[in-house]
Amino acid sequence: QLQRKILILTICAAGIGGTFQYGYNISIINAPTSYIQIFMNKTWLERTGVPLESNMILLLWSFTVSAYPLGGLAGAVVAGPMAIMLGRKMSLLLNNVFVIIAAVLSGFSRMAKSFEMIMLSRFFTGVNAGVSMNIQPMYLAESAPTELRGAVALTSASFTALGLVLGQVVGLRELLGGEESWPFLLASNVVPALIQLTALPWFPESPRYLLIDRGDRESCISALQKLRGNSDLSAELEEMLAEQAAVKGQRAKNPWELFQNPALRWQLMSIVVLSSAMQLCGNDSMYFYAAYVFQEAGIPQDKIPYVVIGTGSCELITSVTCNMIIDYAGRRPLLLGGYIFMAGWAIVFMVALSQQTQISWMPYLSMACIFAYILSFGIGPAGVTGVLPTEVFDQMSRPAAYMICGSLLWLNLFLVGTAFPFIVKSLAHFCYIPFFVVCICTALYVWFFLPETKGKSFLEISEEFKKRNFKAQTHAVFYKGPEDIKSTTL
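The model shown is predicted, which means the values in this text are computed figures rather than measured ones. Each residue is numbered by its place in its chain's sequence as written, counting from 1. The model is predicted, so local features are restricted to residues of pLDDT at least 70 and side-chain atom pairs to those at 80 or more, both for listing and for counting; the totals for chains, interfaces and linings are taken over all residues. In computing side-chain properties, one takes all heavy atoms of the structure into account and sets aside hydrogens as well as water.

Chemist: Please set out the overall build of the chain residue by residue, giving values where relevant.
Modeler: Helical segments are the DSSP runs of H or I of at least four residues, strand segments are the runs of E of at least two, and each set is numbered from the N terminus. Across its full length, the chain carries 23 helices and zero strands. Computed over the C-alpha atoms, the radius of gyration of the chain is 24 Å, within 12% of the 23 Å expected from 2.2 N^0.38 for a compact globule of 490 residues. Counting all 490 residues of the chain, 53% fall into the buried class. Throughout, a residue-residue contact means that at least one pair of heavy atoms, one from each residue, lies within 4.5 Å. Long-range contacts, defined here as pairs at least 24 residues apart, represent 83% of the contacts in the chain between residues at least 6 apart. Values of accessible area rely on a 1.4 Å probe in the Shrake-Rupley scheme; residue burial ignores everything except the protein chains shown. Of the accessible surface of the chain, which amounts to about 21,400 Å², a share of 69% is contributed by carbon and sulfur atoms. In this charge count, Lys and Arg are treated as positive and Asp and Glu as negative; neither His nor the chain ends contribute. For the purpose of locating charges, the reference atoms are NZ of Lys, CZ of Arg, CG of Asp and CD of Glu. For the chain, the separation between the mean place of its 33 positive charges and that of its 31 negative charges on side chains is 2 Å. Within these notes, the globule rule equals 2.2 Å times the number of residues to the 0.38 power, and the radius of gyration is based on C-alpha atoms. Three labels apply to residues, based on accessible area from a 1.4 Å probe with only protein chains included: buried if under 20% of the type maximum, exposed if over 50%, partly exposed otherwise in between.

Chemist: Outline the side chain of T19, supporting the account with residue identities and numerical values.
Modeler: Tracing the backbone through its elements, the reader meets T19 in helix α2 (residues 19-27). Sequence-distant contacts of T19, that is, excluding residues within four places in its chain, are made with S132, M133, Q136, S156, F159 and T160.

Chemist: If you had to explain the packing of helix α18 (residues 331-354) against helix α20 (residues 381-392) to someone new, which residues and values would you point to?
Modeler: For every element, the axis is a line fit to its C-alpha atoms; helices are fit only across the contacting stretch, and the angle between N-to-C directions ranges from 0 to 180 degrees. It is the contact of α18 with α20, at a shortest axis distance of 9 Å, that shows an interaxial angle of 140°. Crossing of α18 over α20 shows left-handed handedness. Residues R331, L334, L335, G338, Y339 and M342 of α18 touch α20, and the partners they reach there are P381, V384, T385, L388 and E391. Under this grouping Gly is polar, as are all residues other than the nonpolar Ala, Val, Leu, Ile, Met, Phe, Trp, Tyr, Cys and Pro and the charged Asp, Glu, Lys and Arg. For the contact of α18 with α20, the per-class residue count stands at seven nonpolar, two polar and two charged. Note on convention: the crossing is left-handed when the near helix lies turned anticlockwise from the far helix by less than a right angle, right-handed when the turn is clockwise.

Chemist: How would you explain helix α19 (residues 362-379) if you had to name every residue and give the values?
Modeler: Over its 18 residues, α19 runs 26 Å from end to end, which matches the ideal 26 Å to within 8%, given 1.5 Å per residue. Buried within α19 we find M362, P363, S366, M367, C369, I370, A372, Y373, I374, S376, F377 and G378. Any helix carries an expected span of 1.5 Å times its number of residues minus one.

Chemist: Hey, could you go over a nonpolar patch on the surface for me, with residue numbers and the actual values?
Modeler: Excluding any residue in a salt bridge, patches collect residues exceeding 30% relative accessible area, merging like charges within 9 Å and nonpolar Val, Leu, Ile, Met, Phe, Trp and Tyr side chains within 5 Å. One side-chain nitrogen of Lys or Arg within 4 Å of one carboxyl oxygen of Asp or Glu is enough to make a salt bridge. On the surface, a nonpolar cluster with roughly 530 Å² of combined accessible area is contributed by M85, L86, M90, L94, V97 and I101. At four residues, helix α5 (residues 88-107) tops the list of elements feeding residues into the nonpolar patch. By the element assignment, I101 lies in helix α5. When its relative accessible area of 36% is taken as the criterion, I101 is described as partly exposed.

Chemist: Can you break down the domain arrangement of the chain residue by residue, with the values?
Modeler: Throughout the structure description, domain borders are defined by an automatic or database domain assignment. Segmentation of the chain into domains returns domain 1 (1-203) and domain 2 (252-469). Contacts between domain 1 and domain 2 engage 41 residues on the former and 45 residues on the latter. Carbon and sulfur atoms make up 69% of the area that domain 1 and domain 2 hide from each other, which totals about 3,400 Å². Accessible-area loss on putting two parts together, using a 1.4 Å probe and summing over both, is the definition of buried area adopted here. Interface area lost by domain 1 to domain 2 is led by R149, L154 and Q168, which between them contribute 18%. For the pair domain 1 and domain 2, the number of links is two salt bridges. Close ionic contact of R398 with E142 constitutes a salt bridge, the shortest N to O distance being 2.7 Å.

Chemist: How would you explain unusual backbone geometry if you had to name every residue and give the values?
Modeler: The phi dihedral of K113 is positive, around 55°, even though this residue is not glycine. Take K113: it is sitting in the loop between α6 (109-112) and α7 (116-143). Classification of K113 by relative accessible area gives partly exposed; the value is 47%.

Chemist: Summarise α20; cite the residues concerned and give the values.
Modeler: Taking 1.5 Å per residue as the helical rise, α20 with its 12 residues ought to reach 16 Å, and the 16 Å between its terminal C-alpha atoms agrees with that figure. Extensive coverage of α20 is indicated by the burial of 11 of its 12 residues. Of all the residues in α20, the buried ones are P381, A382, G383, V384, T385, V387, L388, P389, T390, E391 and V392.

Chemist: Which residues make up the environment of F393, and what values go with them?
Modeler: Summarising the element assignment, F393 is placed in the loop between α20 and α21 (398-427). Assessed through its relative accessible area of 1%, F393 is described here as buried. If near-sequence neighbours (up to four positions away) are discounted, F393 is found in contact with L258, L264, Q267, L268, I271, R398 and A401.

Structure, rendered in structure tokens:
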């Protein structure tokens, strides 16, 4: 029981300063939008004596918003080398430095009369999120026992959703979302960072990293004993030693080496498809539509922020549910179900939007669609996608795989954020057609090409992919035969 508690506390210590920050920092920027834009205009007027034009304010605001995914991309790129050189735990601890810098910049921005400090602060916040989104699932999945690996790694998604909801709550006018308190709202992300810096040092490093990367068997056994207690460690240690022997003499791979390696073809294809789909499926764009749809449904303007908290709560509820069932249901059914349901709701949502003004109850159907779409995303794609790179890559390829995953995630977040207003402009009510296509294509890929990884050791998963990667070559040899025969008979 004590060891189960230590595993739970390790998860909480890693999560609160990890993926929690990603969700929290995405949502706290929404509440003070108009106040920050007023501050930008006022600052510019004081500096130059000329007010900013409205399109210039919009441009500065879009720079501020896009600094976050750009920082995330930078974080995803440095996460791999950090995880290899410093270890998983030390990387998470050091990562808090970026948030502390960001909190100082945004907290003093109004006092310094500098909106550039807010932009820079958002960039550093992004770097922190980029690092934690890659290293936290890796650290937790490597520390968890095989039978709980999915559930433990999936807590990363639960912490993201928890951050999202708490960010929406703290951003309410009654708390820190008012005109006077927005610098404190933007600087409030220092609190989770300080909690992690206090708590995480008490917990062990990833046993796999200690044994396979560092070759430190004593520290690995000590970490395992802290996490597993007096239970028999021989089977788990034997599996780790087998993986250590399998990668003996190899060094940690670079991202470009994964693309050149035919033995990793299907693993790489799977994480590229699923990481891209995670942002291209339109879940984040639902939040963009939420306020408009709720307004159309007749909800008073001042009550909308409270209803929007409901959308974040949906994602939190489903990611916690997904946590409980992932090691029973498996990865494939959750991904398939999630994307198929999202495709269905996308169609209903487009129909409801197009009939919004004609039929009186349509706004309520649109509202239901928003909640259903977010629920479908939370039950599968939101969490399972982050677990897979840990499961389908070996110890030497894993950090590079997370670098590729993270880079795709942030690039696509930037792409969707930039393109979505134009998609809405050109397709109007049918703006979800591109997202519908992504959901269908991803569901087909999962159905035909992704093997189940539930309850399997890392080596068993590796063997399964090896068969797939080299099946193509055996087919190629098989098909060359008849051509050779034809040419000789002619």
